[in-house]
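Given next are the chains, with one letter for each unit.
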Amino acid sequence: MLEVVRDTVGRHDTFALACTARYYETQGLLRPHQLQRQHQPCPRRPWRAGRRGWPAINFSSTPGRRAPAADLDEPWSRPGDYVLLKAMRELVCASSACPDDIDPANGWQPTDIHIRLYSDKERFSIAMANRMTPDADPVLTRESGFHPGTSALTRQFIDYRGWWTPTHFDGYGTLEEYQACRERVAVMDLSALRKFEVLGPDAEALLNHCLTRDVRKLAVGQVVYSAMCYEHGGMLDDGTLLRLGADAFRWIGGEDFGGEWLRQQAAKLGMKVWIKSASEQIHNIAVQGPLSRALLSQMIWTPAAQPTLEELGWFRFLIGRLDDYDGPPVMVSRTGYTGELGYEIWCHPDHAMQVWQRLWQLGEPLGLAPLGLHALDMLRIEAGLIFAGYEFSDQTDPFEAGIGFCVPLKSKQDDFIGRAALLRRKEHPQQRLVGLELDGNEPAAHGDCVHVGRAQVGVVTSATRSPSLGKNIALCRLAVDYCEPGTRVEIGKLDGQQKRIGASVAHGTVAFDPDKSRVRG
């Protein structure tokens, strides 16, 4: 009946009967109830029969911390927030603001609501709202410069970190997209990544202080993968750092707050450095798969001072143009998130569709296919690549997240944020990220508990059915006592005790191509 078109709150998870007079009476509050007065029978509408307390549907949010009960807390919404609904058929609607003033649901102070009706001729973009920090202005879901190309192939989008990103493509499907990346070549819009330019004479010193990698060793034209940690060693983000020049870098991560964090640290240290968001000016697509080099070598022109596409090394980037000297400017990095030979193309959104159309023109003879988030998740789990909110959080250090290789505690002599904590945590590890191979055909899921006997000893962080291996696999954060390859564990379903799936600890987290010969090829 109704379609949610816009939602600046972003969280509505409860559809329950609204409070009535009887609800107040059971709480010992016998005063007349505003909702009851609003919904009294109307003599001009005989179809509205009288009743004690007109039950309505509540469109609200509940924290739900004490399962199976629903908790009440102060609302997520704030002045100016709204929900825009589109009627899919003719409707008669009655609306009232919830007058609940005996618990935190309305912040203890119910306020009026405002209702506005629009003609069906009005057009609104579909969007939710995202805030970088709790006090920041809301930003509606955006479309990348490649959206006209992706939306022509699918209607299956989700709001991924504030950008409409395809989950899978109509006419292809997750498995076909996966196979295209493993066997041929696939393209995916990853413009939701956050990009920050870090510029100035103290740029190197700031990044060396804020990242776990030794930034002083990074050459111009090189890319390095790094963690960004808090003082206690927990991770704020992971990402890649590109060195554009002696005093010019680009940090690419998933967390919008990463740029603000860098600004805060620069201010504390009194550094002469500027951190500028480039997320709106640089959009990017990943071109991944065994034929990605053959495809891009036909369309990327480079000047003599830059490496050619064929010469570009792993974790290096080039600056060139599309097709020839007069083409739109692009940057190409030999990076990816699939475990395959692959590249990422970075361009201004004004040039995005030129890049997209040229890719498809040259790629169709090679079997090019689009790639959505669902297939990407299968690929990255097989490759043992971590994901924010799954393999790591601010309670997880890089060693527990399986990326200890990017914390060179011995070779990096300079201090950096979290170093002291990471030294302690490395010497006394409690958990490690491991791979699991499951028995049978039943899958695991993110958040499933992992047991040895009755005791829980770990948690599944990510899981998938591996088409290439023909088995269910998972990444798991496991107590160090049980990380020996071959150790038997059980994955708990339901309440963790009634149902179990047997599994064995694998020899590593990389299930597909563990020696990385394909991505290095």
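Refer to the structure above for everything that follows.
Procedures and definitions
- Residues numbered from 1 in each chain as written.
- Predicted model: local features only at pLDDT ≥ 70, side-chain atom pairs only at ≥ 80, totals over all residues.
- Heavy atoms only, no water.
- Patch = residues over 30% accessible without salt bridge, like charges linked within 9 Å, V, L, I, M, F, W, Y side chains within 5 Å.
- Areas by Shrake-Rupley, 256 points an atom, 1.4 Å probe, with all protein chains shown as cover.
- Salt bridge = Lys/Arg side-chain N within 4 Å of Asp/Glu carboxyl O.
- Helix = DSSP H or I, 4+ residues; strand = E, 2+ residues; numbered from the N terminus.
- Buried < 20%, exposed > 50% of the residue type's maximum accessible area, 1.4 Å probe, protein only.
- Pairing = 2+ DSSP bridges.
- Axes fitted to C-alpha atoms, helices over the stretch in contact; angles between N-to-C directions.
- Phe/Tyr/Trp six-rings, centres within 6.5 Å; stacked < 30°, edge-to-face > 60°.
- Core = buried A, V, L, I, M, F, W, Y, C linked by side-chain atoms within 4.5 Å.
- Contact = heavy atoms within 4.5 Å.
- Expected span 1.5 Å × (residues − 1).

**Describing a nonpolar patch on the surface**
Part 1 of the argument: Residues M1, L2, V4, L85 and L91 make up a contiguous nonpolar surface patch of roughly 460 Å² in combined accessible area.
Part 2 of the argument: Its location among the elements puts L2 in strand β1 (residues 2-7).

**A short note on the pattern of salt bridges**
Side chains that differ in sign of charge can pair as their charged atoms come close.
Part 1 of the argument: Per the stated rule, a full pass over the model turns up 22 salt bridges.
Part 2 of the argument: Here D377 ties to R380 by a salt bridge, and the two come within 2.9 Å at their closest N and O atoms. With a gap of 3 residues between them, D377 and R380 both fall in helix α9 (residues 373-382), about one helical turn apart.
Part 3 of the argument: For D377, a relative accessible area of 31% corresponds to the partly exposed category.
Part 4 of the argument: The closest approach of N and O atoms between K499 and E442, which form a salt bridge, is 2.3 Å. With K499 in strand β26 (residues 499-505) and E442 in the loop between β21 (431-438) and β22 (449-452), this pair connects stretches of sequence that are 57 residues apart.
Part 5 of the argument: On the basis of relative accessibility, which here comes to 29%, the residue K499 falls in the partly exposed class.
Part 6 of the argument: Among the charged side chains, a network of salt bridges with common partners joins R182, E340, E382 and R518.

**Notes on the sheet that holds strand β25 (residues 488-493)**
Think of a sheet as strands paired side by side through backbone hydrogen bonds, with each pair either parallel or antiparallel.
Part 1 of the argument: The strand order β21-β24-β23-β22-β25-β26 describes a closed barrel built from 6 strands, whose pairing is antiparallel. Each strand of the sheet is rotated relative to its neighbour by a mean of 45°, with strand direction disregarded.
Part 2 of the argument: Two elements, β21 and β26, share 3 bridges in a ladder whose sense is antiparallel. Residue L436 lies in a different strand from β26, and its bridge partner there is V505.

**Regarding the packing of aromatic side chains**
A ring pair, where both rings are aromatic, is described by two values, the distance of the centres and the angle of the planes.
Part 1 of the argument: Under the criterion given, the structure shown has 9 aromatic pairs.
Part 2 of the argument: With 5.7 Å between their ring centres and 90° between their planes, W301 and Y325 make a pair best called edge-to-face. With W301 in strand β16 (residues 300-301) and Y325 in the loop between β17 (317-322) and β18 (329-333), this pair connects stretches of sequence that are 24 residues apart.
Part 3 of the argument: Overall, the relative accessible area of 59% leaves Y325 in the exposed class.
Part 4 of the argument: Through a chain of ring-to-ring contacts, the aromatic side chains of F146, W356 and W360 assemble into a single cluster.

**Re the nonpolar core**
Part 1 of the argument: Of all hydrophobic cores here, the largest spans 27 residues; its most connected members are L296, V332, I345, V355 and L359.
Part 2 of the argument: Of all the elements in the fold, those that place two or more residues in this core are β15 (283-288), α7 (292-296), β17, β18, β19 (342-347) and α8 (352-363).
Part 3 of the argument: It is α8 that contributes the most residues to this core, 7 residues altogether.
Part 4 of the argument: Contact partners of L296, with chain neighbours within four places excluded, come to V287, L309, Y343, I345 and L359.
Part 5 of the argument: Residues A203, L206, L211 and F257 belong to the second largest nonpolar core, which totals 22 residues.

**Details of helix α5 (residues 203-210)**
Part 1 of the argument: Among the 8 residues of α5, 6 are classified as buried, and the element is accordingly described as predominantly covered.
Part 2 of the argument: Taken residue by residue, α5 has A203, E204, L206, L207, N208 and C210 as its buried positions.
Part 3 of the argument: Packed against the buried residues of α5 are β10 (194-199), β11 (223-229), β12 (235-245), β13 (248-253), α6 (257-269) and β14 (274-277).

**Some points on the sheet that holds strand β4 (residues 83-87)**
Part 1 of the argument: A sheet is described by the order of its strands in space; here 4 strands give the open sequence β4-β1-β5-β6, paired in mixed fashion. Taken across any chain shown, the strands that pair with only one partner, and hence form the sheet edges, are β4 and β6 (139-140).

**Things to note about α6**
Part 1 of the argument: Taking 1.5 Å of rise per residue, the 13 residues of α6 would be expected to cover 18 Å, and the 19 Å separating its terminal C-alpha atoms lies within 8% of that figure.
Part 2 of the argument: Summarising the contacts, the buried residues of α6 are in contact with β10, α5, β11, β12 and β14.
Part 3 of the argument: A positive phi of about 65° marks G270, the residue just after α6.

The values are spatial; any link to function lies outside them.
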